[in-house]
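Coordinate analysis (summary)
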Amino acid sequence: MMPRDLEIEEVIIQDKKAKMSKSTQLILFGNHFERLCLKGTLRGAFLDVERNKGAAGIDNVSIVDFKSSLEENLEQLHHELTTWTYKPNPVRRVEIPKSNGGIRLLGIPCVRDRVVQAALKTILEPIFEPTFSEHSYGFRPRRNQQQAVQAAKDIVSKGKEFVVDIDLVKFFDRIHHDKLITKLSQKVEDKRILKIIGMTLRSGVMTYDGIVNPTIEGSVQGSPLSPLLSNVVLDELDKELELRGLEFCRFADDCNIFVASREAAKRVMESISKFIKNKLKLEVNAEKSKVAPAHKVKFLGMTIIGLAIAISLQSMSRAMATVKELTPRGTCVSIEKTIEKINMWYMGWSGYYRMTEFPYQLLLIEGHIRRRLRARIISQKKQNRNLFEALRKMGVSKSQAAKAAHSSKGKWAKSRFQAVEKAYSNKWFIEKKGLKIRTNEKLPHWKDRKERVSLL
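Description of the structure in this document. (Residues numbered from 1 in each chain as written. Predicted model: local features only at pLDDT ≥ 70, side-chain atom pairs only at ≥ 80, totals over all residues. Heavy atoms only, no water.)

**Thoughts on helix H6 (residues 70-82)**
In an α-helix there are 3.6 residues to a turn, and that puts residues three or four apart on one side. Taking 1.5 Å as the rise per residue, H6 with 13 residues should run 18 Å; its terminal C-alpha atoms sit 18 Å apart, in good agreement. Of all the residues in H6, the buried ones are Leu 70, Leu 74, Leu 77, Glu 80 and Leu 81. Considered in projection along H6, the buried side chains sweep an arc of 125° and stay on one side of the axis. Buried residues belonging to H6 abut helix H3 (32-37), helix H4 (39-52), helix H5 (63-68), helix H7 (111-128) and helix H11 (191-201). Looking one or two places after H6, you find Trp 84, whose phi comes out positive at around 55°. (Helix = DSSP H or I, 4+ residues; strand = E, 2+ residues; numbered from the N terminus. Expected span 1.5 Å × (residues − 1). Buried < 20%, exposed > 50% of the residue type's maximum accessible area, 1.4 Å probe, protein only. Arc of directions from axis to C-beta. Contact = heavy atoms within 4.5 Å.)

Put into structure tokens, the structure is as follows:
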């Protein structure tokens, strides 16, 4: 352009700016820090925090407490951010038991800090989201686990039946701060935003004894910003896999790569493990990572078996164990109260796992629940005479009731007796006691209810 043309273009830009609202200018012209400080941005971020719920941080200020003085709190945050007196508090450490017996370390930031982090996510997500891989499904708008599992099934159906199952050692706790900030700076020019993120990453962790430990690496699980930052880190892995022409599915740090042969899978495992260690500065868990046929690999709780999606053996085993925990014997808790707890768990659990194509798997869980409840009823009758009378009241014949009540077998065996199943039938549990089931839904992707699946 000639100098005169540049002057004309600048005038046009300035004219456009003059006609725009302040918030619109901040969005379009990249003043990310100013947008972060807007009370409108902070207010929207608080609404996100409120929807996600969560406990109080180390200051013991709950979401309800923060909301009760919302405008004052937002004004205070606005002032601290604009004057650079804002300082993130250390997060409160929480240990959550994992299904494999380990411990997942979570951190609960204070509500005020969650608001700032949610505002940062609002600003950063539109910048990075369009650049992420199509094979990445975790913590992204309009993407979920079901889509990831379906994508895995589609890849296997094309003949890529061997899986490189990569497990990262404490991924969220090992994220390299400097490398992450460098990655962010490639698309975020506003260094003030990078500084706020750096302060958040290094805010520290307060343990149960009140001691604050510095955080020199990692991004705390429990932060509204952490999932986006994890995708920024692992996007480099996605791009490397795409560059090599490999087919894969990734959900957060759970990544499965699909190839046509075991030999190819071994080569990929070795080379990608080196890339993760040398380039991403992360560690691959050699014990948990493996090369195996798809039907022997668990991905997001599911397994691809015979080109169909099934609940994995591990997930089924954990569900059975949960049913046992929810229906202990030798308790005075009523059947009604027990069923309330079971319904809460099962409807949540099955809401996810109904993506299985084998409803028989859900029938097994539902049948196990009812048998445990029948054994509980028998246990609460205490004496054979009481059980006999209860069965008679439920319409069982005298001979059948006597056979069940006076049997020398234990409570668990009695729970399968015809008399007990007749008295406390599936219909009785559902209609009289409100026990919820999933297998009455008849979803279009389900196979016949009687079709079984062999889990290895």
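**Considerations on a positive patch on the surface**
Together, Arg 262, Lys 266, Lys 290, Lys 296, Lys 298 and Arg 318 give the surface a local cluster of positive charge. Mapped onto the fold, Lys 266 is located in helix H13 (residues 262-278). (Patch = residues over 30% accessible without salt bridge, like charges linked within 9 Å, V, L, I, M, F, W, Y side chains within 5 Å. Areas by Shrake-Rupley, 256 points an atom, 1.4 Å probe, with all protein chains shown as cover. Salt bridge = Lys/Arg side-chain N within 4 Å of Asp/Glu carboxyl O. Lys, Arg positive; Asp, Glu negative; His and termini not counted. Charge placed at Lys NZ, Arg CZ, Asp CG, Glu CD.)

**Some points on the pattern of salt bridges**
In the structure shown here, the tally under the stated rule is 23 salt bridges. Ionic pairing is found between Glu 71 and Arg 43, a salt bridge with its closest N-O pair at 2.9 Å. On the criterion of sequence distance, the pair formed by Glu 71 in helix H6 and Arg 43 in helix H4 is long-range, its members being 28 residues apart. Under the relative-accessibility criterion, Glu 71 is labelled partly exposed at 41%. Arg 43 sits in the partly exposed class, given a relative accessible area of 32%. A salt bridge links Glu 357 to Lys 153; the nearest nitrogen and oxygen atoms lie 2.8 Å apart. With Glu 357 in the loop between helix H15 (335-353) and helix H16 (359-381) and Lys 153 in helix H8 (residues 145-157), this pair connects stretches of sequence that are 204 residues apart.

**Focus on the pairing of strand E3 (residues 162-166)**
Across the five residues of E3, five count as buried, placing the element largely inside the fold. The alternating pattern of E3 places Phe 162, Val 164 and Ile 166 on one face and Val 163 and Asp 165 on the opposite face, and all of these are buried. Pairing of E3 with strand E7 (residues 254-259) involves five bridges; the strand directions are antiparallel. When the bridges of E7 are listed, Ile 166 appears paired with Cys 255. (Pairing = 2+ DSSP bridges.)

**Let's talk about the state of the cysteines**
Under the defined criterion, the tally for this structure stands at zero disulfides. Not part of a disulfide, Cys 37 finds its nearest cysteine sulfur in Cys 110, a span of 19 Å. Cys 249 takes part in no disulfide bond, and the closest cysteine sulfur to it belongs to Cys 255, at a distance of 8.4 Å. (Disulfide = S-S within 2.5 Å.)

**So, H8**
Over its 13 residues, H8 extends 18 Å from the first C-alpha to the last, a length consistent with the 18 Å expected when each residue adds 1.5 Å. What H8 keeps buried is the set Ala 148, Val 149, Ala 151, Ala 152, Lys 153, Ile 155 and Val 156. Tucked into the core, H8 has its buried residues touching strand E6 (247-251), E7, strand E9 (302-305) and strand E10 (308-311). The residue sitting at the N-terminus of H8 and contributing the capping side-chain oxygen is Asn 144; that oxygen lies 3.2 Å from the backbone nitrogen of Gln 146. (Polar contact = N/O pair within 3.5 Å; in protein donor to acceptor, adjacent residues only side chain to side chain.)

**Concerning the sheet that holds strand E8 (residues 290-293)**
Pairing in this open sheet of four strands is antiparallel, and the strands run E6-E7-E3-E8 from one edge to the other. Two strands bound the open sheet, and with one partner strand each, they are E6 and E8. Averaged over neighbouring strand pairs, the angle between their axes works out to 20° when direction is ignored. Where H8 meets the sheet, its contacts fall on E6 and E7, and the angle it forms with E6 comes to roughly 165°. Its contacts with the sheet put H13 on E3, E7 and E8, and the angle it makes with E3 is roughly 20°. (Axes fitted to C-alpha atoms, helices over the stretch in contact; angles between N-to-C directions.)

**Quick look at empty space enclosed by the protein**
In this structure the tally under the stated criterion is five cavities of 30 Å³ or more. Taken as a whole, the largest cavity encloses approximately 120 Å³ of empty space. As for the largest cavity, its lining consists of 15 residues, and the residues nearest its centre are Thr 200, Leu 201, Ser 203, Val 220 and Ser 223. Residue composition of the lining of the largest cavity, grouped by class: six nonpolar, nine polar and no charged. (1 Å grid on protein atoms, 1.4 Å probe; cavity = no way out; pocket = protein on both sides within 12 Å on 5 of 7 lines; lining within 4 Å. Points joined across faces, edges and corners; volume = space filled by probe spheres on them. Nonpolar A, V, L, I, M, F, W, Y, C, P; charged D, E, K, R; others polar.)

**A word on the nonpolar core**
Membership of the largest hydrophobic core comes to 63 residues, with the highest contact counts inside it found for Leu 36, Val 115, Ile 166, Ile 196, Ile 197, Ile 257 and Ile 276. For this core, the element with the most residues is H7, which contributes nine residues. Not counting the four nearest positions on each side in its chain, Ile 197 is found in contact with Leu 120, Leu 124, Ile 181, Leu 184, Leu 225 and Leu 229. With 56 residues, the next largest nonpolar core counts Val 163, Phe 251, Ile 365 and Ala 390 among its residues. (Core = buried A, V, L, I, M, F, W, Y, C linked by side-chain atoms within 4.5 Å.)

**Observations regarding the environment of His 32**
Relative to the elements of secondary structure, His 32 occurs in helix H3. The class for His 32 is buried, based on a relative accessible area of 13%. Separated by 255 residues in the primary sequence, His 32 and Glu 287 have C-alpha atoms spaced 43 Å apart. Beyond its immediate stretch of four places on either side in the chain, His 32 contacts Ile 123, Ile 127, Val 188, Asp 190 and Ile 193.

**Description of the layout of surface pockets**
In this approach a probe as big as a water molecule rolls over the atoms, and the regions it shows empty are the leftover space. Its volume calculated, the second largest pocket comes out at about 620 Å³. Together, 25 residues line the second largest pocket, and Asn 52, Gly 222, Ser 223, Pro 224 and Pro 227 are the ones closest to its centre. Of all the secondary-structure elements, those providing two or more residues to the lining of the second largest pocket are H4, strand E2 (103-108), H7 and helix H12 (226-243). Counting residues per element, the lining of the second largest pocket draws most heavily on H7, at five residues. Tallied by class, the residues present in the lining of the second largest pocket amount to 11 nonpolar, eight polar and six charged.

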